[in-house]
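Here is what each chain is made of, one letter per residue.
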Amino acid sequence: VQLVESGTALVEPGGSLRLSCTASQLDPGDRVIGYFRQAPGKEREGVSCVNERQITYYQDSVKGRFTISRDVSVDDTKITIYLQMNKLNSEDSGLYYCVPVRYCTPYLSKLIPATDDWGQGTQVTVSS
């Protein structure tokens, strides 16, 4: 799988940001996508996921603020994932990664990557 993610972003507290991620060269097990983030000095954590039926789940700290969605290309060779992030705060800062996951689960702490091929990530900084 190849993952191409949107670039570095700086946003003020309370602001909004939309991350995008395009997955291509997909294997059958690459079609459920999750977003992880990692802040400096903290462990990586699952933020959200979306499956092929557009079922979505969110970490408690982002519920009501983040929305994940997916589009599939006409030829079914690419999946683009969007993570709309609103009402951002400093706790949302970190390096965000999209990656295929084994399954989309409401228990985001149990989100398991389905591949070792991660994209470059998107650095999100929320600061005034």
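Everything that follows concerns the structure shown earlier in this document.
This one's a predicted model, so the numbers in the text were calculated from it and none came from an experiment.

Trainee: Can you help me understand the environment of Pro-106 in this one?
Mentor: Residue placement: Pro-106 occurs in the loop between strand S9 (94–100) and strand S10 (122–126). Using a relative accessible area of 42% as the deciding quantity, one classes Pro-106 as partly exposed. Counting along the chain gives 69 residues from Pro-106 to Arg-37, while the straight-line C-alpha distance between them is 16 Å.

Trainee: Help me out: how do you make sense of the environment of Ser-6 in this one?
Mentor: Residue position: Ser-6 is located in the loop between strand S1 (2–5) and strand S2 (9–11). Separated by 36 residues in sequence, Ser-6 and Lys-42 have C-alpha atoms that sit 22 Å apart. Leaving out residues up to four positions away in the same chain, Ser-6 has contacts with Arg-18, Leu-19, Ser-20, Gln-120, Gly-121 and Thr-122.

Trainee: What is the right way to read the packing of aromatic side chains from this model?
Mentor: One pair of aromatic rings is described through two measures. These are the centre distance and the angle between the planes. Taken as a whole, this structure holds two aromatic pairs when the rule is applied. The interplanar angle of 50° and the centroid separation of 5.3 Å between the aromatic rings of Phe-36 and Trp-118 together place this pair among those described as tilted. Remark: Trp-118 occurs in the loop between S9 and S10 and Phe-36 occurs in strand S4 (residues 33–38); sequence separation between them is 82 residues. We classify Phe-36 as buried; its relative accessible area is 3%. The partly exposed category is assigned to Trp-118, whose relative accessible area is 25%. Judged by centre distance (5.4 Å) and plane angle (85°), the ring pair of Tyr-97 and Trp-118 falls under edge-to-face. Here Trp-118 lies in the loop between S9 and S10 and Tyr-97 lies in strand S9, a separation of 21 residues in the sequence. Take Tyr-97: its relative accessible area is 16%, and that puts it in the buried class.

So, how was this worked out
Residues numbered from 1 in each chain as written. Predicted model: local features only at pLDDT ≥ 70, side-chain atom pairs only at ≥ 80, totals over all residues. Heavy atoms only, no water. Helix = DSSP H or I, 4+ residues; strand = E, 2+ residues; numbered from the N terminus. Buried < 20%, exposed > 50% of the residue type's maximum accessible area, 1.4 Å probe, protein only. Contact = heavy atoms within 4.5 Å. Phe/Tyr/Trp six-rings, centres within 6.5 Å; stacked < 30°, edge-to-face > 60°.

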